[in-house]
Every structure is written in C-alpha cells, then in structure tokens.
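These are the residues of each chain, in order.
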Amino acid sequence: MKKRLIALALCLLLVTLVFVSCGESDYDAAKEYIEKNQLTPEKPYLTLNMYIPTNLATHEAIDPAVVAAMQAEFNAIIEPKYRTRIQFCLIDETEYESVVAQQYAVSATQADSGVKEEKTYLLNDKFPQLSASQCDIFVMTGKEMFDSYVAQNALCDLTSSLTTSYSRILNDETGRDKAICSLIYDHANVDGVYYGVPANFKIGFYSYYAIEREFYNKYYAPSGEGVTTKQVLNVLRSADSEGFSSHVLEYTGDYRARFTIPYDGVNTDDYIILVDDSEAKKPTVTYDELFNGMFCISRTCESSSRALEVIAELYTNKELHSILQYGVKNVTYTTTTDASGNVVSVTPIAEGPAYSISPAYTGNILTLYPSTDPSLGIDPENAYYIWLQNSEAAYK
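Residues numbered from 1 in each chain as written. Predicted model: local features only at pLDDT ≥ 70, side-chain atom pairs only at ≥ 80, totals over all residues. Heavy atoms only, no water.

### With respect to the layout of surface pockets
Next up, step 1: Taken as a whole, the largest pocket encloses approximately 480 Å³ of empty space.
Next up, step 2: For the largest pocket, the lining is made up of 22 residues, of which Glu117, Ser131, Gln134, Thr300 and Glu302 are closest to its centre.
Next up, step 3: The leading source of residues in the lining of the largest pocket is helix H4 (residues 96–113), at 3 residues. (1 Å grid on protein atoms, 1.4 Å probe; cavity = no way out; pocket = protein on both sides within 12 Å on 5 of 7 lines; lining within 4 Å. Points joined across faces, edges and corners; volume = space filled by probe spheres on them. Helix = DSSP H or I, 4+ residues; strand = E, 2+ residues; numbered from the N terminus.)

### Focus: the pattern of salt bridges
Next up, step 1: Enumeration according to the criterion identifies 11 salt bridges in this entry.
Next up, step 2: Among the salt bridges present, the one from Arg299 reaches Asp112, with a minimum N-O distance of 3.0 Å. Of this pair, Arg299 sits in the loop between strand E9 (295–297) and helix H12 (304–316) while Asp112 sits in helix H4, placing them 187 residues apart in sequence.
Next up, step 3: Look at Arg299 and you get partly exposed, because its relative accessible area is 33%.
Next up, step 4: In this structure, a network of salt bridges that share partners links the residues Lys43, Arg306 and Glu309. (Salt bridge = Lys/Arg side-chain N within 4 Å of Asp/Glu carboxyl O. Buried < 20%, exposed > 50% of the residue type's maximum accessible area, 1.4 Å probe, protein only.)

### Section: the sheet that holds strand E4 (residues 196–197)
Next up, step 1: Within the open sheet, the 5 strands sit side by side as E2-E1-E3-E9-E4. Their pairing is mixed. Sheet topology places strand E2 (84–91) and E4 at the edges, where each strand pairs with a single neighbour.
Next up, step 2: Where strand E3 (residues 137–139) meets E9, 3 bridges bridge the pair, whose relative direction is antiparallel. Bridging from a neighbouring strand, Val139 pairs with Phe295 of E9. (Pairing = 2+ DSSP bridges.)

### Examining the side chain of Asn200
Next up, step 1: With respect to the helices and strands, Asn200 occurs in the loop between E4 and strand E5 (206–212).
Next up, step 2: A residue is classified by how much of its surface remains accessible, and Asn200, at 3% relative accessible area, is buried.
Next up, step 3: A distance of 2.9 Å separates polar atoms of two side chains, one belonging to Asn200 and the other to Asn364.
Next up, step 4: Not counting chain neighbours up to four residues away, the residues in contact with Asn200 comprise Ala179, Ile180, Cys181, Ile184, Gly363, Asn364, Ile365, Leu366 and Asn390. (Polar contact = N/O pair within 3.5 Å; in protein donor to acceptor, adjacent residues only side chain to side chain. Contact = heavy atoms within 4.5 Å.)

None of this, on its own, says anything about what the molecule does.
Okay, structure coming up:
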C-alpha cells in the first residue's frame with residue numbers, strides 16, 4: 001500500500017511540474033494518463049459455493065472425504081489464479097431442485113433485507129467462510145427449472161460478458177476441444193438475454209443405411225458426386241423391391257457410427273454405409289434441451305464477474321474439468337499417459353470410493369479427459385467426432 005501511495009505522489013508531482021511548465025491542456029492530458037494507468041487495488045479473497053446434482057441412486061454412497069479432496073485439488077488451480085475459492089454442494093439429483101430452491105429463498109430474503117452479513121475467517125486463512133445464506137452458482141437440470149428462476153428474477157444477466165469478453169473463450173470455432181457448439185451458444189438465451197453459460201453436449205443422432213456390398217454392386221446403384229442417399233435407395237428398391245429389406249440394415253447412431261455397424265456378427269467390410277442426408281434427418285437440438293446443464297449465477301452472488309471467471313475456467317481447462325468429473329487421482333481414478341506425459345484417458349478404480357456426476361452437469365463435455373467407462377465421461381478419442389456432429393446439427 002505504501003508503494004502505491006509513493007508512486008501516486010510522484011505522479012502527482014510530475015503533473016504539477018507539467019502544469020507549471022506546459023499549461024493547462026498538458027496538465028489535463030497528464031491527469032488522464034494517471035487515471036488510466038495508476039495501480040488498481042488487488043482482488044479481495046472470495047469464497048463462492050457451487051451446487052451440482054450427483055449421479056448416484058444412493059447419494060449417501062459418496063464419501064464426504066472424497067468430495068473434500070476433489071474440492072482441494074480443484075481449488076489448488078483456482079485460488080492462486082483468481083483469488084476465489086469454490087465450496088461444492090453435491091446434492092442427490094432426486095432432491096437437488098428443492099435444496100437449491102430452499103437455499104436461494106434464504107439468500108434472497110437476506111439480500112432483500114438490506115442487512116449485510118459480516119464475513120468470518122478461520123485462523124490463518126485469507127478466504128472468508130461461506131455465510132449461511134449464500135447462494136452463488138448452480139446448474140440447471142432442465143428448462144422447467146430454468147423458467148422458474150427467470151420468473152423470480154433470480155439470475156444474473158450475463159449477456160454483456162458472454163457476447164464480448166467471454167465470447168471467444170467459450171465460442172471459438174477454431175478451438176474444437178474448448179468451444180461450445182455455436183448452435184448451442186447462439187440459441188441458449190431468452191430473447192437475446194443470456195442468463196447462464198450453456199452446457200456443451202453431443203447433439204442428437206444420425207440415421208444410417210448399411211447396404212450389402214454385393215447387393216449394391218449387382219444393381220449398379222448410382223455413384224459419384226451429388227448423388228443422394230435417397231436416390232441410391234430408390235434405385236435399389238426399384239430393382240428388387242422384395243429383397244430390398246433383407247439386404248439393407250437401418251440403424252441410428254452418432255458420427256462414428258458411419259464407420260462401423262452396431263450389430264453383432266456383421267462384418268462392416270461387407271457393407272456400404274450411407275448416412276440419411278435428407279434435411280429432416282440431421283442431428284437436431286430443441287430449445288428446451290439448451291438449458292439442461294446450464295451454469296447460472298444467482299442475483300444474490302457477491303460478484304457475478306468472479307463467479308463467471310471460475311465457470312469459464314471450468315469450461316476451458318481440461319485438468320480442472322476432469323477433477324470435478326472424475327474425483328481424485330489415484331483414489332477414484334487413475335490416468336494413462338503418452339510418451340510426452342499427456343493424459344490419454346482415465347480409468348475409474350473399481351474398488352475405490354464412490355464418486356459419480358453426470359457429464360451433463362459439469363459444463364463442456366469436449367474438455368474432459370476421455371474415460372475407459374464412457375458412462376462417466378466421454379469415449380476415448382470421441383471429442384473430435386462430437387465436434388463434427390455438432391457442426392452439422394440443426395436447430396428446431
């Protein structure tokens with residue numbers, strides 16, 4: 001603090017000398033320079049809470065010690081970077097909405113009373129403890145929950161930040177392992193107002209036709225650029241209407257399904273796989289789906305900008321996101337690395353303590369380390385295909 005005062009005094013002295021020697025216009029210019037360049041106060045230490053639904057039928061199976069260890073690893077990244085600490089509230093998904101509603105009601109009552117709660121600190125800890133009425137960041141479980149909070153005017157308007165300073169971080173199409181799909185990003189708002197950061201998820205599915213190669217070649221199905229799947233099928237159906245159904249398999253799947261057939265005993269090499277390329281068969285996302293997993297900030301949060309810093313970091317930092325998703329390294333999961341030491345995949349420890357959160361509720365699925373158990377995260381090497389699929393998807 002003394003250094004800042006000395007620096008400011010020296011600057012003011014310089015301004016005085018400039019004023020005496022050069023006139024009032026130079027004085028105004030020097031004063032403006034000081035106002036723009038003088039040191040700003042350091043960020044105060046801040047503690048925020050984050051509510052997330054768990055993915056276990058029996059919530060009590062989650063060991064609180066594991067949650068505490070996960071939280072410590074998460075904050076080891078966040079605290080030095082933002083002077084912000086996150087305290088997690090992992091709630092049984094069957095009780096989640098009611099717990100968040102109760103906490104927000106307490107927080108709103110306190111905020112609207114006009115009485116400011118005094119912060120308390122533990123000995124030798126720079127971060128304040130959470131207050132009993134605090135409600136900062138929470139995840140939406142769907143459009144119905146989202147609508148109820150918008151109706152209460154309970155959420156911070158994040159439009160300015162999400163369309164300016166954070167737009168490239170969260171919606172950078174050149175960074176497919178980080179960016180939220182533009183289709184999701186562009187539509188997850190209410191009349192142009194963003195009340196939260198939408199989750200990034202795999203959109204919809206494709207319809208496929210697997211045609212026996214011998215059957216395909218026999219009837220000289222048209223080939224070449226510009227030929228549609230519908231035209232191919234029409235030729236084959238006209239040539240052999242009775243045998244068509246026995247030689248053509250129909251199925252649905254993600255982008256990768258165009259490279260293999262999901263039926264036991266079927267050799268993919270014996271078939272030609274065509275995606276239904278009609279406009280109506282594109283992977284699609286509905287408006288209601290856009291709000292499932294959205295991270296929102298309560299209007300009662302002490303600093304929405306500080307909360308948004310943490311959310312943006314969670315969405316773009318693979319290590320941070322994977323800590324929240326998978327728990328504690330060598331306790332709930334292990335990692336496999338390549339020759340350069342980069343994490344290739346995570347493997348849940350079968351005999352380890354229970355820890356499970358749906359990937360739908362941790363933000364951006366493309367920034368997760370792949371998991372050998374896809375139900376807990378993302379398939380190995382699947383992020384690229386999800387990005388491709390989302391880039392072809394449509395809004396309805």
